Amino acid sequence: MQKSRLLASAAAFLALPAALVTALTVPAAAQDQDGGAAFSATTSVGVHNAYEQAKYPYLADALDSGAGLVELDVWTNLLGSKWRVSHSNPLGNANNCENAASPAELRTKSRNQSLEGCLADMRAWHDANPGHRPIVVKVELKDGFNDTGGRGPDEFDALVTAKLGDAVFRPADLAGRHATLDEAVRADGWPSRSALAGKFVFELIPGTVEESNPFDGLWTDREYATRLRDLAAAGRLREATAFPAVHKATAGDPRARYADASIRPWFVMFDGDASAYVQGGIDTAWYDQRHYLLIMTDAHLVAPAIDGTSPEESAARARVELLARQHGSIVTADWYPLPSVLSMVVPRG
């Protein structure tokens with residue numbers, strides 16, 4: 001009788017949806033390792049475009065995965081309303097967000113919601129998982145901010161604040177008593193992972209459409225860094241919710257690309273292809289020594305390339321460890337079938 005019950009239980013477990021099995025095998029709130037280390041002294045793993053339904057039925061499943069970073073693609077143009085979340089549809093939403101008002105509503109509502117709905121899901125999941133690992137939320141603004149359409153940096157901050165409130169680790173939290181973010185991280189570094197427990201850290205990068213638009217002369221990175229500078233000068237830095245990243249790997253100090261030197265000290269995140277950082281002659285130790293965060297994308301393409309979705313777990317783990325030695329802070333790929341890899345946290349450098 002006891003053996004029969006065990007077999008029945010095993011069969012029931014195997015019949016569970018993959019996302020639920022993931023949630024059961026990788027605890028969402030307590031899988032962080034090396035919690036006493038500074039956030040900038042560790043390397044974790046992120047999921048590219050975690051909002052896609054083919055990867056996770058619901059955004060809550062992505063948050064349950066153990067990943068240290070989840071990515072959202074956002075459109076702001078005047079051809080559609082609100083902040084749309086999708087990969088290639090600039091007019092509407094195509095995602096796994098459901099606009100849950102409480103933990104009880106997670107995985108119960110219609111998907112394909114706006115950014116507002118994605119943030120609501122994050123809050124509901126946060127409330128269900130107090131003290132969860134710190135999670136970087138990478139937002140690619142596909143076509144940039146649209147300030148004239150009511151979707152500018154200030155509206156972005158207001159929306160994130162309204163939906164997530166104290167669950168966000170803000171630039172003001174990092175800056176502390178220092179005049180700029182650069183001064184803060186070089187002097188005091190980032191808080192420990194345990195100090196960031198229960199927090200979302202927002203990263204902003206320019207989008208692929210924005211970067212290829214010859215008529216767009218004000219990209220997301222420069223626009224938001226300017227906002228940080230101006231808010232700090234006005235004593236209102238607390239209003240900001242995100243960290244702009246310098247996008248694409250470049251040798252030397254990539255902030256030299258900004259003609260306005262006054263915004264350069266507001267960049268302490270850098271984001272680009274792992275292959276370019278590792279095989280392009282770039283001194284990645286430079287970032288580590290200054291406690292900057294370095295996000296390495298397409299980790300699977302670093303030679304020798306491995307599968308971008310379902311590599312052997314040992315190969316994916318080895319790739320994470322390799323890029324950690326190369327001073328990456330977060331390495332990303334489409335390894336959503338490997339929650340044990342997504343939850344990795346290893347020493348950086």
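Residues numbered from 1 in each chain as written. Predicted model: local features only at pLDDT ≥ 70, side-chain atom pairs only at ≥ 80, totals over all residues. Heavy atoms only, no water.

### Details of the packing of helix α4 (residues 115–128) against helix α5 (residues 153–164)
The N-to-C vectors of α4 and α5 enclose an angle of 35 degrees; their axes lie 9 Å apart at closest approach. Crossing handedness for the pair α4 and α5: right-handed. Only Phe156, Leu159, Val160, Lys163 and Leu164 of α5 make contact with α4, whose side of the interface consists of Leu115, Glu116, Leu119, Met122 and Arg123. A per-class count over the contact of α4 with α5 returns 7 nonpolar, no polar and 3 charged. (Axes fitted to C-alpha atoms, helices over the stretch in contact; angles between N-to-C directions. Helix = DSSP H or I, 4+ residues; strand = E, 2+ residues; numbered from the N terminus. Left-handed = near helix turned anticlockwise from the far one by under 90°. Contact = heavy atoms within 4.5 Å. Nonpolar A, V, L, I, M, F, W, Y, C, P; charged D, E, K, R; others polar.)

### Some points on the environment of Val85
Within the secondary structure, Val85 is located in strand β3 (residues 84–85). On a C-alpha basis, the gap between Val85 and Cys118 in space is 8.4 Å, while along the polypeptide they are 33 residues apart. Beyond its immediate sequence surroundings of up to four residues, Val85 is in contact with Tyr51, Asp73, Val74, Gly92, Asn93, Ala94, Asn95, Gln113, Ser114, Leu115 and Cys118.

### Topic: the packing of α5 against helix α9 (residues 220–233)
Here α5 crosses α9 at 75 degrees, and the two axes come no closer than 10 Å. With respect to α9, the axis of α5 lies roughly perpendicular. Here α5 contributes Pro153, Asp154 and Asp157 to the contact with α9, which in turn contributes Glu223, Tyr224 and Arg227. Tallied by class, the residues present in the contact of α5 with α9 amount to 2 nonpolar, no polar and 4 charged. (Parallel < 35°, antiparallel > 145°, perpendicular 65-115°, else oblique.)

### A short note on unusual backbone geometry
The omega angle of the peptide bond from Ala303 to Pro304 is -5 degrees, so this bond is cis rather than trans. The residue Pro304 is located in the loop between β8 (293–297) and α12 (313–325) in this model. Here the phi dihedral of Lys82 falls at roughly 60 degrees; this positive angle occurs in a residue that is not glycine. Note on placement: Lys82 falls in the loop between β2 (69–75) and β3. Judged by relative accessible area, which is 48%, Lys82 ranks as partly exposed. Located in the positive-phi region is Arg107, a residue other than glycine, with phi close to 65 degrees. (Buried < 20%, exposed > 50% of the residue type's maximum accessible area, 1.4 Å probe, protein only.)

### What about the pairing of strand β6 (residues 242–247)?
Counting buried positions over the 6 residues of β6 gives 6, a clear majority of the element. Side-chain alternation along β6 places Ala242, Pro244 and Val246 on one buried face and Phe243, Ala245 and His247 on a second face that is also buried. Both β6 and strand β7 (residues 269–273) contribute to a ladder of 3 bridges, which runs parallel. Looking at β7, one finds that Val246 is bridged to Phe270. (Pairing = 2+ DSSP bridges.)

### Observations concerning the packing of aromatic side chains
Within the structure shown, the criterion is met by 17 aromatic pairs. On the basis of an interplanar angle of 80 degrees and a centroid distance of 6.3 Å, the ring pair of Phe156 and Phe202 is categorised as edge-to-face. Remark: Phe202 occurs in strand β5 (residues 200–206) and Phe156 occurs in helix α5; sequence separation between them is 46 residues. Overall, Phe202 belongs to the buried group, its relative accessible area being 1%. Ring geometry for Trp286 versus Tyr287: centroids 5.0 Å apart, planes at 90 degrees, classification edge-to-face. In this pair, the class of Trp286 matches that of Tyr287, namely buried. An aromatic cluster of at least three residues, connected via ring pairs, comprises Trp83, Phe145, Phe156, Phe202 and Tyr224. Above the face of the Tyr58 ring, Arg111 is positioned so that its terminal group lies 5.5 Å from the ring centre. (Phe/Tyr/Trp six-rings, centres within 6.5 Å; stacked < 30°, edge-to-face > 60°. Lys NZ or Arg CZ within 6 Å of the ring centre and 35° of its normal.)

### Observations regarding the pattern of salt bridges
Within this structure, the stated rule accounts for 25 salt bridges. Glu116 serves as the salt-bridge partner of Lys82, at 3.9 Å between the closest nitrogen and oxygen. Residue Lys82 is located in the loop between β2 and β3, and its partner Glu116 is located in helix α4; the two are separated by 34 residues in the primary sequence. Residue Arg186 pairs with Asp182 through a salt bridge whose shortest N-O separation is 3.9 Å. Separated by 4 residues within a single helix, Arg186 and Asp182 lie in helix α7 (residues 181–188), roughly one turn from each other. Given the relative accessible area of 12%, Asp182 is considered buried. By sharing partners, the salt bridges in this structure join Asp157, Arg227, Arg236 and Glu239 into a single network. (Salt bridge = Lys/Arg side-chain N within 4 Å of Asp/Glu carboxyl O.)

Shape descriptors only; they carry no functional weight alone.
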